[in-house]
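Remarks on the overall topology
Each chain, letter by letter, is given below.
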Amino acid sequence: MAFSWIFLCLISILLTTTLHSAAQEEPQAHIVYMGDMPKGEVSTSLHLNMLQQVIGSNTAEGSLVRSYGRSFNGFAAKLTKEEVQKLASMEGVVSVFPNQKKRLQTTRSWDFIGFPQHVKRSIVESDIIIGMIDSGIWPESTSFDDEGFGPPPSKWKGTCQVSSNFTCNNKIIGAKYYRSTGEFGKRDIKSPRDTSGHGTHTSSTAAGAAIGTAGLSGLGHGTARGGVPSARLAVYKICWSAGYCDDVDILAAFDDAIADGVDIISLSVGGTVAQNYFAESISIGTFHAVRKGILTSVSGGNDGADLATITNISPWTLSVAASTIDRQFFNKVQIGDHKIYEGISVNTFNNETFPLIYAGDAPNETTGSDESRYCKKNTLDKNLVKGKIVFCDSYHIYETGEEAFYAGAVGVILQGRVAGQVLDPLPLPASYLNRDYGSKIFMYMNSTRSPNASIWKSTEATNSLAPYVPYFSSRGPNAVSPNILKPDLVAPGVQILAAWSPIAPISFAVGDKRVEAYNILTGTSMACPHASAAAAYVKSFHPTWSPAAIKSSLMTTAKPMSTDLNPEAEFAYGAGQIIPVKAVSPGLVYDVEELDYVKFLCGQGYDTRTLRMVTGDNSVCSSEEINGPARDLNYPAFAISVSSSESLNHAFSRTMTNVGSPNSTYKAKLTVPEGLKITVNPSVLSFTSVGQKLSYGLMVEGTVDKFVASASLLWDDGTFQVRSPIAIYLEY
């Protein structure tokens, strides 16, 4: 515990010194925006008068950089931080923000999915509260500055666990921590403060402010921002430095978050699949959340690419897989014969030349392990690898990198990379090569007595194949309810730059001394807050929409993806890549009420007694509903599991709610693979009012001769296109 406080004191001193130094810095250019043109003429003298009130009459004219007064009102001036705060509080000032150097390329993920920084926003966005159930938050990060925010929304009923090292603000309006075991590691801090970095990263991805100078040691430099920067954050810390999050604490966090009045919950946590929805903390918590009108976005898991590895699979959650963006990081390995080979890595270290050793030639004899070539834990001889670059056969890339680091190596080269794999920061210089390049380096090592190599710092390049689902992202189908398609959709989750806790190792490895305010991470944990923000964005325009309607809008407007790179099709990417700007106006939605979920659960084998306890009402499972088809839940997607010898004859029923044009006629358009026949009845839906509901039936007939056959149904009225994937797959 003392170690934690010493660390915190050092960081506090560092932050204080940084702030003191900033106060001594030269004034920087800022824009003072004052809105639309007022009545009457806007003159430079008006702007000078404002500056004089803040910085004095002698220096105001020299500070003024430019006046705006033809199309809008405002000016640019060189200001200190204190002067910025004074101007921001003046009557008539909308905002004060730093002058940033624009680039052709930003931190990319939001731009890549067609969601630019200056997208149309709702004034309700600042009333939206996202509950982040994660590892806490670093409140001093500039991503969570509350400048310009008013007091918390009146609906907020939560609290902030204030301590000597943590306070909330008008951005982070609430924060709590949970540790039911009472066990704390050396790096843990008993407050909502984030010591691992994970919660800070996800929170800033969802709702962080736009920071134009973000980057990781020069990598990914650009504007880091959240999807809904005006939204508020409520933080629930359930995960600690050891990386584990107890079910007891997860449920406690849901219990509080629901009662506190959050609008959206974001949970980048997962475990094993439970066959009983009500014997698993996340399913329970999210069910009670959806009953109170709260949609929970959950990460799909990082156990791909095997089938049926997705864990958060309840139909009332938004289950998110990860996709790539159009940026990737490469680096190079140069060996002693001057040949250069390209690999992948987010490597912040500058290249130096060191001796090179094959891990298989450096076994730790004391453990008797014969698996040192994989660089597994405790398999390397520290005396042999110290001060050298270790060449490892790929086993588990992160364990491999950490073992080399702890054994005293100064670099690690991994071989065996396959398509779709990525490598985030390791605690030492690293590069991940394909097997062909690895074989050539291995041959070089065997051809010389003193092999050496250097690992270069990473550079950025365009990923022209994006988006696709990477290797690690867990796949469907749904192991509990096979006729409920999972994942629901994909969002950017590969090498995402976002805010970080400066006391957290950027590689998660203890002993990694690099201190950074932003970090680049990969995982469905990173995809989840993108979807959380998109859901919050939709809710800001439609505050009364149900969780199911918001989820439907995100799924039916998603961008279809290709089986060329992901042969698992919908079980890799669900409905497709999330497109938040389209989700605001979906035309039609598949809505689901609590009674619909009760009927679904009846069909899953839950009895009346159980459901009455869960819902607290007089729910009844009728004889028709008991063990009935889950496929009749009003879901925005279709999934059918069949045996290889079975001839298909499956019927679905769905109901659409009109949220588009009052008078609109939608026609069904089907995309059907060979061997199948799909019909829709009726094939035309004619609406006469907003809110009107119309139903249709969908029949699938025929046979399939491969694991998954992909089809789709598109309802089109000429303005809105409402697409649902149809996945027919063989039982395995």
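Fair warning: this is a prediction, and the values are worked out from it, not measured in the lab.

1. Structural notes on the sheet that holds strand β26 (residues 648-658)
- Strand order in this open sheet of four strands is β24-β26-β30-β28, and the pairing throughout is antiparallel. Two strands lie at the open edges of the sheet, namely β24 (588-589) and β28 (676-681), each paired on one side alone.
- The pairing of β24 with β26 spans two bridges and is classified as antiparallel. Note on β26: the bridge partner recorded for L588 is N658.

2. Overview of the state of the cysteines
- All chains considered together, the criterion is met by four disulfides.
- Disulfide pairing places C375 opposite C392 at an S-S distance of 2.0 Å. Here C375 and C392 share a disulfide; its torsion about the S-S bond, -70 degrees, makes the bridge left-handed. Separated by 17 residues along the polypeptide, C375 in the loop between β15 (353-358) and α9 (382-385) and C392 in strand β16 (residues 389-393) bring together distant segments of the chain.
- Among the residues examined, C375 registers a relative accessible area of 0% and is labelled buried.
- The disulfide partner of C602 is C621, and the S-S distance across this bridge is 1.9 Å. Taking the torsion about the sulfur-sulfur bond, which here is approximately -85 degrees, the covalent link between C602 and C621 counts as left-handed. Linking C602 in helix α16 (residues 594-603) with C621 in the loop between α17 (608-615) and β25 (638-642), this pair joins segments that are 19 residues apart in sequence. By the burial criterion, C602 is buried, and C621 matches it.
- By sequence order of its bonded cysteines, the protein chain has the disulfide arrangement 1-2, 3-4, 5-6, 7-8.
- The thiol sulfur of C528 is not disulfide-bonded, and the nearest other cysteine sulfur, from C239, lies at 12 Å.

3. A word on the environment of N566
- In this fold, N566 is placed in the loop between α13 (547-556) and α14 (570-573).
- Among the residues examined, N566 registers a relative accessible area of 2% and is labelled buried.

4. Topic: the side chain of S281
- Structurally, the position occupied by S281 is in helix α8 (residues 281-291).
- In this structure S281 touches D247, I250 and L251, once residues within four positions along its chain are discounted.

5. Let's talk about the nonpolar core
- Core analysis: the biggest nonpolar cluster contains 83 residues, and I130, W316, L554 and L601 have the highest contact counts within it.
- Top contributing element to this core by residue count: helix α12 (residues 524-541), with eight residues.
- In this view, I130 contacts A206, A207, V228, A231, R232, L233, A234, I264, S266 and A536; residues no more than four positions away in its chain are not counted.
- Counting residues in each nonpolar core, the second largest holds 27 residues, with F652, V680, Y696 and L698 among its members.

6. What about the UniProt feature "active site" (unreviewed entry) in the protein chain?
- Cross-referencing UniProt, the feature "active site" (unreviewed entry) maps to D134, H198 and S525 in the present numbering. Of the residues just listed, which span 392 residues, no C-alpha pair is farther apart than 9.9 Å, and they cluster in one region.
- Tracing the backbone through its elements, the reader meets D134 in strand β5 (residues 129-134).
- The class for D134 is buried, based on a relative accessible area of 4%.
- Those residues in contact with D134 that sit more than four places away from it in its chain are H198, G199, T202, Y236, K237, I238, C239 and S268.
- Here the side chain of D134 touches H198 through a polar contact of 2.7 Å, side chain to side chain.

Calculation notes
Residues numbered from 1 in each chain as written. Predicted model: local features only at pLDDT ≥ 70, side-chain atom pairs only at ≥ 80, totals over all residues. Heavy atoms only, no water. Pairing = 2+ DSSP bridges. Helix = DSSP H or I, 4+ residues; strand = E, 2+ residues; numbered from the N terminus. Disulfide = S-S within 2.5 Å. Buried < 20%, exposed > 50% of the residue type's maximum accessible area, 1.4 Å probe, protein only. Contact = heavy atoms within 4.5 Å. Core = buried A, V, L, I, M, F, W, Y, C linked by side-chain atoms within 4.5 Å. UniProt positions renumbered as here; feature names shortened; annotations may be inferred. Polar contact = N/O pair within 3.5 Å; in protein donor to acceptor, adjacent residues only side chain to side chain.

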